[in-house]
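Structural overview
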Number of protein chains: 2
Amino acid sequence: MRDRIHVTLEDVAKAAGVSLATASRVLNGTARVRPELTERVRRAASELAYTPNPHAQALAGTPRPTVGVVCHDVSDPYFSTVARGVMRVAGDNGLLVTLASTFRDPYREIAYVSMLRAQRAPAILLIGSGFEDPAWERALAAELEPYMRGGGRVAVVSRHRSLRVDSVLPENRAGGAALARALVDLGHRRFAVLAGPRALTTVADRVGGFRDELVKTGVPLSDDDIVEAEFTRDGGYAAMTVLLDRGLSAGCVFAVTDVMAIGALAALRDRGLRVPADVSVAGFDDIPIVRDLTPPLTTFALPLERLGEEAMRLALTERRGPRNRVIRVAGEVVIRASTGRG
Amino acid sequence: MRDRIHVTLEDVAKAAGVSLATASRVLNGTARVRPELTERVRRAASELAYTPNPHAQALAGTPRPTVGVVCHDVSDPYFSTVARGVMRVAGDNGLLVTLASTFRDPYREIAYVSMLRAQRAPAILLIGSGFEDPAWERALAAELEPYMRGGGRVAVVSRHRSLRVDSVLPENRAGGAALARALVDLGHRRFAVLAGPRALTTVADRVGGFRDELVKTGVPLSDDDIVEAEFTRDGGYAAMTVLLDRGLSAGCVFAVTDVMAIGALAALRDRGLRVPADVSVAGFDDIPIVRDLTPPLTTFALPLERLGEEAMRLALTERRGPRNRVIRVAGEVVIRASTGRG
DNA sequence: CCCCCTATGGAAAGCGCTTTCTGGCCGTTA
DNA sequence: TAACGGCCAGAAAGCGCTTTCCATAGGGGG
């Protein structure tokens, strides 16, 4: 018996001398069963090391124990830290996580949502910025809406436009503003921004908040001072290089993510510029590694793991009413040694 | 029709005016079907946006499109980089990846394998060092063996003992030795080692290779020079602190992973010691970030993404004969600025 | 003492798909 | 012309589970 490929509920029922129905009821606690039989079934199940077949359960209508998570790239510390939070909460609730990396291809994201839907995942989490592309947004919504109508839960981290779903929103705009204020307070007056692709909502928010606050303070930031690049370490390096080639006039560079800031620091080092003596650099996110850089990075710190935890919790708890819930997550400016006085 | 929660094969068959069997045959290419019917089924399927229910397929005996991966912690750059490789290959083959983090609890790993098995995942990948604990090893084998007998594929990265499965083995022992040699060549004679938990095979191999090579060269390394700590950044910090409190006599510190080395660098910085002027530090793995540290870290570079890719490929390709395959992956010593002349 | 109601276990339907088994309609061959 | 073999499409079984619907037994009330 032990050596059969798969122990089925029928085996358990037979061993316990009860019917399938009874065995099922005992194992799921669905209905009252005489204590004696309950005990027999329990023992049989554990002796046979019975594990229910989730596919059969899914087919029979029970919610699946695997939630889906779609992010841009697991190997990016931002996503892997958020994913960590997701997985902890998932693990605590006995759930597995199906994690997909889109490698930043928007349509791959939709393809994954479709696969996850087909899998009948009870919940889908979308981590990371959305794209500002109407066609794409419609296609995604077309995939998500029927899914939700069918009882699927959806929660997103860090995107908002046009998606009627529960979401966890880090304070991107306010963060950008707070950082601008803090840098101005340090005495800086000439800024440059290393931005990610404009199509990402996160980028628009962070840069927007940063710029608006500067404008409010009377410090100008022209479009020329904003360089767009890939949302990666190498993107940051490239953008910083462009800036340097142009003849850097800014005394402080704001990279919209810490990952890009790391690239920027490398570019500066390679050109022999000192941070913060020659240029100050600030990032955004507070991924774990930035404490250990030299100099440690000034940044807008977001509780990354918490973003993931909240999203998972959102997807786990019933929502009442049709309104989508929004959890705004605050952050704080952390001044470290990468920024000096302006 | 479009608005039904789920379009089933029956809907497609009905729309095309054929039987379920025929529809299934067309969609799977299982058997010849008259071209005209084929066409009708195809069109019906695409018009209804039909997506097969993987659970029903699984139940009916078709292999699942989701492979399972178990690692210690996604947010550790080592694992997330390896996972990246896995996911790329998986994505290229139209597979989803179910990723689980054990948070370094050995028995959680077994629990996950059990869940993955129950899911009927066609393949399971175990990433990261195993534990040297006979009871645990037996329990894991007891879970894996029936799975493989039932046709499940298993591949592991970085562990070997007592598991008869296909594996990808980075040259941990040789790497430790090569690093020892390189450091001795730089002139170092007094070493200390920041080791992870001894129960991890990876640790044993790396430290073993390192120590054996030193002994061969006539350089002593006593047990007192080896400090054991958590396999994390903070573990590295703690171990380095212990060493410093004891009064560091070594001129070169070898941390068995880059992540621990990062912690060690932080501890040294906090104590006001300069690297490499006062102490040299070397790591192992070459996770992406170490290039960007100050000073950049000397390390034994492993092609991390490739480890994941190879493992995924191993699990994807049929193996002939009962022998388990082993792919040894070489690495190379990369000397950077964190090590000076001894 | 009988009837009805409740508590509990079993039989069976059904989830959506694959695949074997059957049977009808051809074209062949003797 | 009759018998036979091939090819294809449909019917139906079965994957493992949940859940509804019944049947039965036991207890309480009339």
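Since this is a predicted model, take the numbers as computed values, not measurements.

Residue and element names in this part refer to chain A. Entries for chain A in the domain assignment read domain 1 (9-59), domain 2 (66-170 + 305-329) and domain 3 (172-302). Distance between the C-alpha centres of domain 2 and domain 3: 28 Å. Counting residues at the interface gives 16 residues for domain 2 and 13 residues for domain 3. With three residues, helix α5 (residues 77-92) is the largest single contributor of residues to the side of domain 2 that touches domain 3. Each residue belonging to the side of domain 2 that touches domain 3 can be placed in one class, and the counts come to six nonpolar, five polar and five charged.

What follows deals with the protein's contact with DNA strand C. Residues in contact with DNA strand C amount to 29 residues; listed here are only the nearest, Ala21(A), Arg34(A), Thr8(B), Leu9(B) and Ala60(B). Tallying contributions element by element places helix α2 (residues 20-28) of chain B first for the surface near DNA strand C, with five residues. Its residues assigned to classes, the surface near DNA strand C comprises 14 nonpolar, eleven polar and four charged.

Moving on: the interface of chain B and chain A. How big an interface is tends to be stated in terms of accessible area lost as the parts join. Of the residues lining the interface, 40 residues belong to chain B; the matching set on chain A comes to 39 residues. Per element, the largest residue contribution to the side of chain B that touches chain A is six residues, and it comes from strand β2 (residues 96-101) of chain B. Within the side of chain B that touches chain A, the residues separate by chemical class into 21 nonpolar, 14 polar and five charged.

A few words now on the sheet that holds strand β8 (residues 252-255) of chain B. All names here are of chain B. Across the sheet, six strands lie side by side as β7-β6-β8-β9-β10-β12; this open sheet has mixed pairing. Both outer strands of the open sheet, β7 (226-228) and β12 (332-334), are each paired with one neighbouring strand and no more. Looking at each pair of strands side by side, their axes are set apart by 20° on average, direction ignored.

Turning next to the relation of the copies chain B and chain A. In screw terms, the move from chain B to chain A is a rotation of 180° and a rise of 0.2 Å along the axis, fitting with an RMSD of 0.3 Å. The transformation relating the two chain copies, once decomposed into turn and shift, fits a two-fold axis. For chain B, the smallest separation between a C-alpha atom and the rotation axis is recorded for Thr98(B), amounting to 1.9 Å. The residues that chain B uses at the interface reappear at the interface of chain A in 98% of cases, marking a shared surface.

For the rest of this paragraph, the subject is the nonpolar core. In terms of nonpolar packing, the biggest core is built from 188 residues, with Leu125(A), Leu194(A), Ala264(A), Leu125(B), Leu194(B) and Ala264(B) touching the most fellow members. Excluding anything up to four places from it in sequence, Ala264(A) contacts Leu194(A), Gly236(A), Tyr237(A), Met240(A), Val253(A), Ala255(A) and Val281(A). Listed in part, the eleven residues of the second largest apolar core include Val12(A), Ala23(A), Val41(A) and Ala45(A).

A separate point is the pairing of strand β6 (residues 191-195) of chain B. Residues and elements named next belong to chain B. Counting buried positions over the five residues of β6 gives five, a clear majority of the element. Note: β6 against β8, four bridges, orientation parallel. Along β8, the bridge assignment pairs alanine 192 with valine 253. Where β6 lies against β7, three bridges are found, and the strand directions are parallel.

How each quantity is defined
- The written sequence of each chain sets the order in which its residues are numbered from 1.
- To label them, take the chains in the order written and letter them from A, then take the ligands in the order written and number them from 1.
- With pLDDT at 70 or above as the cut-off, local features in this predicted model cover only qualifying residues; side-chain atom pairs require 80 or more to be listed or tallied, and sums for whole chains, interfaces and linings still use all residues.
- Here the bounds of each domain stem from an automatic or database domain assignment.
- Note that contacts rest on C-beta atoms placed from the backbone: two residues are in contact if these are within 7 Å.
- A run of DSSP states H or I qualifies as a helix once it reaches four residues; a run of E qualifies as a strand once it reaches two. Both are numbered from the N-terminal end.
- Polar here means any residue outside two lists: the nonpolar Ala, Val, Leu, Ile, Met, Phe, Trp, Tyr, Cys and Pro, and the charged Asp, Glu, Lys and Arg; Gly therefore counts as polar.
- As a rule, any residue with its backbone-derived C-beta atom within 6 Å of a molecule or strand is reported as near that molecule or strand.
- Strand pairing is assigned whenever DSSP detects at least two bridges linking the two strands.
- Axis definition: a line fit to C-alpha positions, over the contact stretch in the case of helices; interaxial angles, taken between N-to-C directions, run 0 to 180 degrees.
- All copies are superposed by least squares; the fitting set is the C-alpha atoms of residues with a pLDDT of at least 70 in both.
- Here, a nonpolar core means buried Ala, Val, Leu, Ile, Met, Phe, Trp, Tyr and Cys residues linked by C-beta atoms lying within 7 Å of one another.
- Burial in this document is a count-based property: other C-beta atoms within 10 Å of a residue's C-beta are tallied, and the residue is buried at 20 or more, exposed at 12 or fewer, or partly exposed in between, with C-beta positions derived from the backbone.

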